[in-house]
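Architecture at a glance
Residues per chain are reported as follows:
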Amino acid sequence: MPIRKEDARNSRRKSSMPYLTSEMSAIVDYVSDEIGNEAATQNIHFSPTALTMVRHVMMKPGSIITDTRILLGCIDRQMADRLGLGLYCFIDNLQIKEMAEQQRTTRAEIAMDHALAMEGLKLIAVGTAPMALGRLLARSATREMKDVVVIATPNAFTNAIQLKERIWESDIPCVVVRGKRGGNPVAGSLVNALMAQALRQKEL
C-alpha cells in the first residue's frame with residue numbers, strides 16, 4: 001500500500017521530534033500549512049510547561065509582544081481581537097531609542113526590559129533579534145519568569161543558535177525552533193496557531 005503524503009510527514013516528524021503530543025502536532029501542522037515550508041517546522045520544540053502557560057495568556061487574556069514590526073504584521077489581528085489580547089512592539093518607541101543610546105546598548109535589549117516590566121501575562125515572540133533573547137536570559141537570572149512564555153525563532157545570526165539553545169535549556173516556558181532555521185514567518189505562524197487553538201477551545 002502506498003504511503004500517503006500525510007503519513008510520510010508524520011513518520012518523518014516522529015523520528016525528528018518523538019515527544020509531540022496531538023496538540024503540539026496540530027500546531028506544527030498549522031505552521032507548516034500556513035508558511036508552506038515543512039522543512040522550517042522540523043525543529044519546533046515545546047518545553048514541558050509552554051502550552052499550559054500559553055493557555056493562561058490566551059484565556060486571561062494577556063499580551064503578545066514582538067521584537068519587530070515585521071513580526072507584529074505577521075500576526076492575525078482578528079484572532080487577537082476575538083481573544084481580547086493586546087498586541088505590542090516597542091522597538092520603534094522613541095523612549096526606547098533614547099534609552100538605548102544613553103545606555104549604549106541595543107533597542108532590542110531595552111525593548112525586552114520594557115516588555116518584561118509590563119503587568120499581566122505575556123507571550124513574547126522573538127523572530128529576529130538574538131540580543132533580545134540574551135537580555136531575557138540575563139533578566140531570568142534575577143527574576144522568576146512566572147508571567148512569561150517565549151517563542152524563539154531567530155535565524156541566520158552567528159549567536160542565534162546558541163541563544164536559542166540557552167532558552168531551551170532554561171526554566172522559561174518556551175517554544176523554540178532549534179538549529180539554523182526559523183525567522184519571522186515561523187514565529188508569526190506559531191502565534192497564529194496558538195491563537196487558533198485557543199479560539200477552538202473557547203468555543204467547545
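Each remark here, short or long, concerns the structure printed above.
Described in the following lines is the structure provided in the data block. (Residues numbered from 1 in each chain as written. Predicted model: local features only at pLDDT ≥ 70, side-chain atom pairs only at ≥ 80, totals over all residues. Heavy atoms only, no water.)

**A look at the pattern of salt bridges**
Applied cut-off: Any carboxyl oxygen of Asp or Glu within 4 Å of a side-chain nitrogen of Lys or Arg constitutes a salt bridge here. Exposure classes here rest on a 1.4 Å probe applied to the protein chains alone. A residue is buried below 20% of its type maximum, exposed above 50%, and partly exposed in between.
Taken as a whole, this structure holds ten salt bridges when the rule is applied. For Asp-147, the salt bridge is made with Arg-143, and the minimal N-O distance between the two is 2.7 Å. Taking relative accessible area as the criterion, Arg-143 reaches 25% and is therefore assigned partly exposed.

**With respect to the nonpolar core**
How we decide: Only buried residues count toward a nonpolar core. Its members are Ala, Val, Leu, Ile, Met, Phe, Trp, Tyr and Cys residues joined through side-chain atoms within 4.5 Å. Segments assigned H or I by DSSP are reported as helices when at least four residues long, segments assigned E as strands when at least two residues long, and all are numbered from the N terminus.
Grouped together as the largest cluster of nonpolar side chains are 69 residues, with contacts concentrated most on Phe-46, Met-58, Leu-123, Ile-151 and Met-195. The element best represented in this core is helix 10 (residues 184-203), accounting for ten residues.

**Describing the packing of helix 2 (residues 22-35) against helix 10**
Test applied: Axis definition: a line fitted to C-alpha atoms, limited for helices to the stretch in contact. Angles are taken between N-to-C directions and run from 0 to 180 degrees. Any angle that falls under 35 degrees is termed roughly parallel, while one over 145 is termed roughly antiparallel, one within 65 to 115 roughly perpendicular, and all others oblique. Each crossing gets its handedness from the near helix: less than a right angle anticlockwise from the far helix is left-handed, clockwise is right-handed. Contact criterion: two residues are considered in contact whenever any of their non-hydrogen atoms come within 4.5 Å of each other. Following the grouping adopted for this structure description, the nonpolar residues are Ala, Val, Leu, Ile, Met, Phe, Trp, Tyr, Cys and Pro, the charged ones are Asp, Glu, Lys and Arg, and the polar ones are all others, Gly among them.
Orientation of helix 2 relative to helix 10, taken along the N-to-C sense of each, is 130°, at an axis distance of 9 Å. Considered as vectors, helix 2 and helix 10 are oriented oblique to each other. Regarding helix 2 and helix 10, the two cross each other, and that crossing is right-handed. Note on element contacts: helix 10 touches helix 2 through Pro-185, Val-186, Ser-189, Leu-190, Asn-192, Ala-193, Leu-194, Ala-196, Gln-197 and Gln-201, opposite Glu-23, Ile-27, Tyr-30, Val-31, Glu-34 and Ile-35. When the residues that make up the contact of helix 2 with helix 10 are grouped by side-chain class, the tally is ten nonpolar, four polar and two charged.

**Some details on the pairing of strand 6 (residues 174-177)**
Note the cut-off: DSSP calls a pair of strands paired once it identifies at least 2 bridges connecting them. Consider the strands pointing away from the viewer: the crossover is right-handed when the path from the first strand over the helix to the second runs clockwise.
Burial of strand 6 is two-sided: the residues Cys-174 and Val-176 facing one way and the residues Val-175 and Val-177 facing the other way are all buried. Sheet topology places strand 1 (residues 44-46) next to strand 6; three bridges connect them, and they run antiparallel. Within the sheet, the bridge partner assigned to His-45 lies in strand 6 and is Val-176. Across three bridges, strand 5 (residues 148-152) lies against strand 6 in parallel orientation. By the bridge assignment, Ile-151 is partnered in strand 6 with Val-175. This β-α-β element, strand 5 to helix 9 (residues 160-169) to strand 6, shows right-handed connectivity.

**Points about the environment of Leu-116**
Structurally, Leu-116 is set in helix 7 (residues 107-117). Sequence separation of Leu-116 and Glu-144 is 28 residues, and the distance between their C-alpha atoms is 11 Å.

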